[in-house]
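This is what each chain is made of:
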Amino acid sequence: MPNRRALLGALAAGLILAHAPMAATAQEKLPVVASFSILGDFVKEVGGDRIALTTLVGPNGDAHVYSPTPADAKAMAGAKLIVINGLKFEGWMTRLIKSSGAKATVATATTGITPLEADDDHDHDKKGHGHDHGGVDPHAWQNVANARIYVANIRDALVKADPAGQANYEANATRYLAQLDAVEAEVKAAIARIPADRRKAITSHDAFGYFVKAYGIEFIAPQGVSTEAEASAKDVGRIIRQIKAEKIPAVFLENVTNPRLVERIAKESGARIGGRIFSDALSDAAGPAGTYIAMMKHNISQIEKALAAGPA
Ligand code: ZN
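What you see is a predicted model; the values in this text were computed from it and never measured.

(A) Up close: the sheet that holds strand β9 (residues 250-254). Taken in spatial order, the 4 strands line up as β8-β7-β9-β10 in an open sheet, and their pairing is parallel. On the outer flanks of this sheet lie β8 (218-220) and β10 (272-277), each paired with one strand and no other. Taking the axes of each pair of neighbouring strands and ignoring which way they run, one obtains an average angle of 30° across the sheet. Both strand β7 (residues 200-203) and β8 contribute to a ladder of 3 bridges, which runs parallel. Looking across to β8, one finds that A201 is bridged to F219. Sheet strands touched by helix α9 (residues 260-269): β9 and β10. Its angle to β9, the strand with the most contacts, is close to 165°.

Structure follows, in structure tokens:
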């Protein structure tokens, strides 16, 4: 009997010892999951060293059509906070939250943003890109003013999940919001340098509605044309006629869509390929758009270069 008591005492002491260092230094990071790369970048900026972040859809990944992995479900189950875009961007997230048994708080980063209606005629559902917007355009991050709302929502969610980190999260958010102000000023200045009658271009996938509305440029995405290469000859013909009639200077490739359709349109219309712009995902760290700010800078420099120049 005394032996057993001694053993229990030793065990208890051991347990206390094992836990002591963690409790004393409070080094345990807050486990956070973000659904896709752009959102993950915002969360990283605000969360800094206090969080352990898992981003589910990585660089150049298409979050519209993602298939979650068992590792994703595990990350969800262990998370204290899950951050999603909302606006029906990542419908698979709702299913994953349920199936993973996640107990985390779910923060919707677009809360408070005025959603744009999706163009009814643009329909990516047919094949490949698999948009399911339900009448709402989910690509709200393409307006920097909205990015500020994302960041404020993420800051508030982190403070709620980890009140001890409040001062950190607020300082990080304030620093990052100033960087967003600077990049927004850069975008506006670049658009102003493009002659007004040349502020139009073709993109393959209709992901720039918020950008277009905020900054006064016209992007035309092939209406009713799937992002797969097999667009109908009639649709392609109509776009080519439109490019010629409206003297649209450039067409842009995107990182998440197949380049063949846009390349074909450029070839047949004589419009210049204005480079590759990033719509729904960042590049990897070595690429030109490894962060949201790098993405916005890269996109606007490609757009200005292609549109401010003389006719192709
Ligand atoms: Zn998209």
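So, next bit.
(B) Region of the structure containing the sheet that holds strand β3 (residues 81-84). With parallel pairing, 4 strands are arranged side by side in an open sheet as β2-β1-β3-β4. Sheet topology places β2 (51-57) and β4 (105-108) at the edges, where each strand pairs with a single neighbour. Sheet twist, expressed as the average angle between the axes of neighbouring strands with direction ignored, equals 20°. Relative to β2, strand β1 (residues 30-36) runs parallel, the two being bridged by 6 bridges. Within β2, the residue paired with V33 across the bridge is T54. Docked against the sheet, helix α4 (residues 91-99) engages β1, β2, β3 and β4, running at close to 125° with respect to β2.

What counts and how
Residues numbered from 1 in each chain as written. Predicted model: local features only at pLDDT ≥ 70, side-chain atom pairs only at ≥ 80, totals over all residues. Heavy atoms only, no water. Pairing = 2+ DSSP bridges. Helix = DSSP H or I, 4+ residues; strand = E, 2+ residues; numbered from the N terminus. Axes fitted to C-alpha atoms, helices over the stretch in contact; angles between N-to-C directions. Contact = heavy atoms within 4.5 Å.

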